[in-house]
Amino acid sequence: MQDTEEGAGTLSPLDLRHTAFLLGAARPKQFPADDGWEVAIAGRSNAGKSSAINAITGIRGLARVSKTPGRTREINFFHVAARRRLVDLPGYGYARVPVPVREAWRRLIENYFAHRHCLRGVVVVMDCRHPLTDFDRQMLVWCDHARLPVHILLTKADKLSRGAATAVLHQVRARLIHEYPGSEAITVQLFSALKQAGVAEAQQILAKWMGF
């Protein structure tokens, strides 16, 4: 797609290396202007979401990687290019934080999905050893209600043998077809931040959703 906006063009790993933190929002009124293209990345707190963001952008330390799940407590917006943003949603499910804090996160994310018109797709990060948890399914429900395409990263694929990882990929695809019959809006891939496996495929999804 030809794009004539200033700063736009073909999205490549080099372009993604210019990604920079824009702001963290704890309340909807702190969100940046609702225009352009946004892609959100969501995932269970210990599924490797931050590592995936760093691998996809090629920027070590862009998203904080912590041994303490649930460190991301705001919706973090990153500038990719002109009117293009990557959005890091708070990790869900495992975070050892007080219930009122988790409820505040849930309301914040629900508000984001319900009212963010520039959101073009959601990357859902799942540990390939524990895919499709109840929390993952809740995220898929939110995406379905918002009629958003979903791309699933089955992370930490390096923790399994190639055969076992491929079997998980097929199993997840089969379960999604069974649970979401007729839906072509959910795609799935294996991913390893450690081995840099699946990075190019994920970058292509971002390029498509961001209108490049």
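Criteria and cut-off values
- Residues numbered from 1 in each chain as written.
- Predicted model: local features only at pLDDT ≥ 70, side-chain atom pairs only at ≥ 80, totals over all residues.
- Heavy atoms only, no water.
- Axes fitted to C-alpha atoms, helices over the stretch in contact; angles between N-to-C directions.
- Helix = DSSP H or I, 4+ residues; strand = E, 2+ residues; numbered from the N terminus.
- Parallel < 35°, antiparallel > 145°, perpendicular 65-115°, else oblique.
- Contact = heavy atoms within 4.5 Å.
- Nonpolar A, V, L, I, M, F, W, Y, C, P; charged D, E, K, R; others polar.
- Expected span 1.5 Å × (residues − 1).
- Buried < 20%, exposed > 50% of the residue type's maximum accessible area, 1.4 Å probe, protein only.
- Arc of directions from axis to C-beta.
- Phe/Tyr/Trp six-rings, centres within 6.5 Å; stacked < 30°, edge-to-face > 60°.
- Lys NZ or Arg CZ within 6 Å of the ring centre and 35° of its normal.

Trainee: How would you sum up the packing of helix α3 (residues 99–115) against helix α4 (residues 134–145)? Please name residues and give values.
Mentor: How two helices pack is summed up by the angle between their axes together with the distance between the axes. As a packed pair, α3 and α4 sit with axes 10 Å apart at the nearest point and diverge in direction by 30°. As summarised for this structure, α3 and α4 are arranged roughly parallel, according to the angle between their axes. Along the contact surface, α3 presents R106, I109, E110 and F113, while α4 presents M139, W142 and C143. Grouping the constituent residues of the contact of α3 with α4 by class yields 5 nonpolar, no polar and 2 charged.

Trainee: With reference to specific residues and values, describe α3.
Mentor: Here α3 contains 17 residues, and its C-alpha end-to-end distance of 24 Å stays within 8% of the 24 Å for a straight helix at 1.5 Å per residue. Looking only at α3, the buried set comprises W105, L108, I109, Y112 and F113. Considered in projection along α3, the buried side chains sweep an arc of 130° and stay on one side of the axis. Facing away from the buried surface of α3 by more than 90 degrees, the exposed residues are P100, A114 and H115. Each element contacted by the buried residues of α3 is listed here: β1 (20–25), β2 (37–43), β3 (75–81), β4 (84–88), β5 (119–127) and α4.

Trainee: A description of the packing of aromatic side chains should follow, citing residues and the corresponding values.
Mentor: In this structure the tally under the stated criterion is 6 aromatic pairs. Centroid distance F21 to F78: 5.7 Å. Interplanar angle 75°. Geometry classified as edge-to-face. Residue F21 is located in strand β1, and its partner F78 is located in strand β3; the two are separated by 57 residues in the primary sequence. Residue F21 is classed as partly exposed on the basis of its relative accessible area of 49%. Pairing F31 with F77 gives two aromatic rings, centres 5.6 Å apart and planes at 55°, and the pair type is tilted. Of this pair, F31 sits in the loop between β1 and β2 while F77 sits in strand β3, placing them 46 residues apart in sequence. As far as the burial class goes, F31 and F77 line up, both buried. An aromatic cluster is defined as three or more aromatic residues linked by ring pairs; in this entry it consists of F31, F77, Y112, F113 and W142. Residue placement shows R84 over the ring face of W37; its charged tip is 3.8 Å from the ring centre.

Trainee: Report on the environment of V150, specifying residues and quantitative values.
Mentor: Turning to its location among the elements, V150 is positioned in strand β6 (residues 150–155). Residue class for V150 comes out buried when judged on its relative accessible area of 2%. For the pair V150 and L140, spaced 10 residues apart in the sequence, the C-alpha separation amounts to 7.7 Å. Setting aside chain neighbours within four positions, we find V150 in contact with V122, V124, L140, C143, A185, I186, T187 and W209.

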